[in-house]
Each structure stands twice: as C-alpha cells, then as structure tokens.
2 protein chains.
Amino acid sequence: MFSKACEHGIKAVVYIATQSMNGHRVKITEVSEHTGTPEAFTAKVLGLLSKHNILHSIKGPYGGFEMDQKQIHETKLAEIVNAVDGNHIFTGCALGLKECNADKPCPMHYNFVKIRSDLKQMMENTSIHDLAIGLISGESILIR
Amino acid sequence: MFSKACEHGIKAVVYIATQSMNGHRVKITEVSEHTGTPEAFTAKVLGLLSKHNILHSIKGPYGGFEMDQKQIHETKLAEIVNAVDGNHIFTGCALGLKECNADKPCPMHYNFVKIRSDLKQMMENTSIHDLAIGLISGESILIR
DNA sequence: CTTATTTAAGACAAAATTGTCTTTAAATAA
DNA sequence: TTATTTAAAGACAATTTTGTCTTAAATAAG
C-alpha cells in the first residue's frame, strides 16, 4: 500500500510527536530504536518531511527532531503520504492507466472509486496527534 | 496498490475473458496488443495464472489462452491478486508490522481495518465476468 | 577559536521489481 | 517424420526501491 520510506516516515513522526508532547527533542538514533526502522534511511525521510514543514530538525549538540503543537495537531497522515509517495495512491488508476475517470474508466474504476475515496478521507481526517495519543496510552505499538 | 505484474495480469485476464465469451482463443501477442502490457512479462504472469487454474493455456498451432464459463464467472479479482501478489494487501499492516491486530495494534490499525476489509470484500465479490461485460459494451477500456 | 555533536546531502551498494531474450517443450499439420 | 507454431522456463538486463556510508554544514560549549 505505502512504500517502506513512507511507513518509516509515519512511524518516526508518530514517535517524535509522542516525545515532543513531553517536551523531549529526540535524535535520529533514538527514533530508529523506538520505531525499528533503519537509521540512515529514516534520517533521509525525516529530512524530506522537515522540508515539508511536518517537523523541525535542529543541528548540533542538543539538536534532533521535534514537532510543535501546530504540527502535531494539524498534520494529517495524508500530508506525509503525499510528501513521501505522492498522491498516486489517492488518485491513481487500479490498473495503472495514465488517465482513468468516469468518462473513460478502466474496468475496475467504479468498483475502486469508493475504496480510494474512503482511504483518502481517512488519511485526511487522521492527525498525528490522534495516533500519538494511542501510542502514549499504550493502546498501540510501533515495533513487533 | 497492486504490482505491475498484477495489473498486467488482471488486464490480460479481462481481455481474454471477452474473447472467450466470443469463442475466440487468443495468442499472447494479441493479448499484449489489446492490453498495452509488455508481451514477455505478461506471458510470464499468464503462465502463473494458468497454474492457478484461472485460465487455460494451449501450446502449438491454433493454441493460445482461453477461459471456460466457470473460470469467467467464478474467478474473482481477489484470486488473481492472491496468485500474483499474495494476500498481503488484504491482511497486512499499514505500517509494515509483522503482526498487527486488535490485541497489539499499530497506531493506524483501527483506522485501517475498514478500508482493508472493504477492499477485500470488493475484490472477492467482483468476478472477471463482471469486468468483461463492461469492456465488451464499450463502457470501459484497457488502454489509454 | 577549537572541538564535539548533530542533521544534511549525496555518492554508493544491495535487493526487489520489471522487463527482455533465448532455449526448450508441446502440439499440430503436412 | 519433419517443419511450424505456440506457450514454458529460465537466464539475463534494466530500473526502481531500499538501505548504507562518507563528507559537509551547523551549532553549542569550553
């Protein structure tokens, strides 16, 4: 469904959010340890997400990654997916046609429209904060 | 969402079904031309689907691919996806956790459950025949 | 100013996926 | 039997994705 880069990015962002909610700025090593994702790869994804203003990165001693209240509450899953994978998953044709719409649909088009739009809605309505509170409360986990 | 191999396979099967419904057995070259998929790659996928009894392949002069009535009507999209990509898309975790369920869910689990199950249901309820009739009637297309 | 610590950037490498080509096997027709 | 036609199988190649490593840049502390 999502690329590995995207999965790593979402995990990392949710973890960073939980720590920022406690006032803790975290280094990439800590992120990697708590998400089970490869450190250098995750760092690269976080660099990209930082450029998209989804989190802050601070260089130097006592540096690391953190999210402000606005980022934690207003960033939606869809923004991360868009930044990392693009919007193909939300808009693309199930059979890979360049264009596919009600006018000239692929055979799966009408079966697929609702699935895709439900996915899009869910991802646009779910904030990082929503996911972070589940992790903080112990209701959900990032590693297994 | 699906691999290229899977996309090619679905397109090819739907096209072959439309031709079988007219009593026409088709060669791989014809399939490739009418689906816009690479010939050798598509041939490989069709070989796999033939082993899964989703269609028949016949060697030699006047050979090619065809589907019988049962295959056309009873084969569901989910079977093709399962044969080519496996069932990960229907059962796997959105964040790539090895195991992820209500007992130990990833942060996205509950948001994702319905999307995945709707997708599964749709794919298990849509037959190749359902898609073929749209293509025959000109309501849908395979190339663009 | 120098040193240590951290992310940034990009080259590099490994693995998976996508795609092609050649050879083989099977089936048919002559 | 022989030649022809087709898919099957698998080696090979190209591309994309995933992942690592090295060097640079920024920042803080002494």
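Presented here is a report on the structure given in the accompanying data block. Since the model is a prediction, treat every value here as computed from it, not as a measurement.

### Observations concerning the packing of helix 5 (residues 77–85) of chain B against helix 7 (residues 109–125) of chain B
Two quantities define a packed helix pair, namely the angle between the helix axes and the distance between the axes. All names here are of chain B. Interhelical geometry of helix 5 versus helix 7 gives an angle of 110° and a closest axis separation of 5 Å. Classified by the angle between their axes, helix 5 and helix 7 sit roughly perpendicular to one another. Contacts between helix 5 and helix 7 involve Leu-77, Ala-78 and Val-81 on the former and, on the latter, Lys-120, Met-123 and Glu-124.

### Side note on helix 8 (residues 128–136) of chain B
Residues and elements named next belong to chain B. Within helix 8, the full set of buried residues consists of Ile-128, Leu-131, Ala-132, Gly-134 and Leu-135. Buried residues of helix 8, viewed axially, fall in a sector of 160°; they line one side. Contact partners of the buried residues in helix 8: helix 1 (4–20) and helix 4 (69–74). Gly-138 lies just past helix 8 and shows a positive phi near 85°.

### Structural notes on the protein's contact with DNA strand D
Taken together, 26 residues lie around DNA strand D, and Lys-4, Pro-38, Ala-40 and Gly-60 of chain A together with Ser-57 of chain B are the ones closest in. Only helix 1 (4–20) and helix 3 (39–51) of chain A together with helix 3 (39–51) and strand 2 (64–66) of chain B provide two or more residues apiece to the surface near DNA strand D. At 5 residues, the largest contribution of residues to the surface near DNA strand D is made by helix 3 of chain B.

### Some remarks on the interface of chain A and chain B
Put simply, an interface is often sized by how much accessible area is lost when its parts join up. Between chain A and chain B, the residue contacts involve 33 residues of the former and 33 residues of the latter. Every element with two or more residues in the side of chain A that touches chain B is listed here: helix 1, helix 7 (109–125) and helix 8 (128–136) of chain A. Ranked by the residues each element gives to the side of chain A that touches chain B, the list is headed by helix 7 of chain A, at 6 residues. Of the residues contributing to the side of chain A that touches chain B, the split by class is 19 nonpolar, 6 polar and 8 charged.

Analysis parameters
- Residues numbered from 1 in each chain as written.
- Chains lettered and ligands numbered in written order.
- Predicted model: local features only at pLDDT ≥ 70, side-chain atom pairs only at ≥ 80, totals over all residues.
- Axes fitted to C-alpha atoms, helices over the stretch in contact; angles between N-to-C directions.
- Helix = DSSP H or I, 4+ residues; strand = E, 2+ residues; numbered from the N terminus.
- Parallel < 35°, antiparallel > 145°, perpendicular 65-115°, else oblique.
- Contact = placed C-beta atoms within 7 Å.
- Buried ≥ 20, exposed ≤ 12 C-beta atoms within 10 Å, placed from the backbone.
- Arc of directions from axis to C-beta.
- Near = placed C-beta within 6 Å.
- Nonpolar A, V, L, I, M, F, W, Y, C, P; charged D, E, K, R; others polar.

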